[in-house]
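# Architecture at a glance
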Amino acid sequence: MCIIGLILFSSFTSQTYRIGQDDRWIAPAWADTLKSPFPNEPLTLAQGEELYNVHCWSCHGDTGYGDGAAGGALGAKPANFHEEEVKKQSDGAWFWKLSNGRGNMPPFKEVFSEEQRWQLVAYIRKLSN
C-alpha cells in the first residue's frame, strides 16, 4: 500500500512541474492557456508594482534582475525577468509559478487573491521590457 501511495505521489508531482536538464523551472504546458480575466490598465500595473515592492524586490531586485540582497543568500539565484528565456514564457506560466512556488520561491496562491497574482504578472511583464 505504501509503494502505491509513493508511485501516485511521484506521478502527481512530476506532472505539477518539471525541472529541465539544466534545472530550469518549467511550468506545465496547460499553464500557457491561462489568461488574465482582468484588464491590463494603469491601476492594475500600479497595484502590481505595490505588491512587487513589498513582497518581491528583496529577492528579485528593484528592477527585476534577480539581484536582490535576500535572493543572493538563498543559494539558487532568483529569476532575472530581463533574460530572454524568462521573458518568452507566457503570462499563464508566470501566474502558475507565482501561485505554486518552488524551493525558495514561496507559493502565493494562499497569500494573494487571483486578481493580485495577475496584477503582479502584469507588472513583472512591464518591468521586464
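Described in the following lines is the structure provided in the data block. It should be emphasised that the depicted structure is a prediction, and the values quoted were computed from it without experimental measurement.

In terms of nonpolar packing, the biggest core is built from 16 residues, with Tyr52, Leu120 and Val121 touching the most fellow members. Every element with two or more residues in this core is listed here: α2 (42-55), α6 (91-100) and α7 (114-128). Excluding residues that lie within four positions of it along the chain, Tyr52 makes contacts with Trp57, His60, Gly61, Asp62, Gly64, Phe81, Leu120, Tyr123, Ile124 and Leu127. Within the second largest apolar cluster, five residues are counted, among which are Trp25, Ala27, Ala31 and Trp96.

The next thing to look at is the layout of surface pockets. In this model, the largest pocket occupies a volume close to 1100 Å³. Around the largest pocket sit 39 residues that line it, and Trp25, Lys77, Pro78, Ala79 and Lys97 are the ones nearest its centre. Where the lining of the largest pocket is concerned, the elements lending two or more residues are β2 (25-26), α3 (57-60), α5 (84-87), α6 and α7. Of the residues belonging to the lining of the largest pocket, the class tally is 21 nonpolar, eight polar and 10 charged.

Rules used throughout
Residues numbered from 1 in each chain as written. Predicted model: local features only at pLDDT ≥ 70, side-chain atom pairs only at ≥ 80, totals over all residues. Heavy atoms only, no water. Core = buried A, V, L, I, M, F, W, Y, C linked by side-chain atoms within 4.5 Å. Buried < 20%, exposed > 50% of the residue type's maximum accessible area, 1.4 Å probe, protein only. Helix = DSSP H or I, 4+ residues; strand = E, 2+ residues; numbered from the N terminus. Contact = heavy atoms within 4.5 Å. 1 Å grid on protein atoms, 1.4 Å probe; cavity = no way out; pocket = protein on both sides within 12 Å on 5 of 7 lines; lining within 4 Å. Points joined across faces, edges and corners; volume = space filled by probe spheres on them. Nonpolar A, V, L, I, M, F, W, Y, C, P; charged D, E, K, R; others polar.

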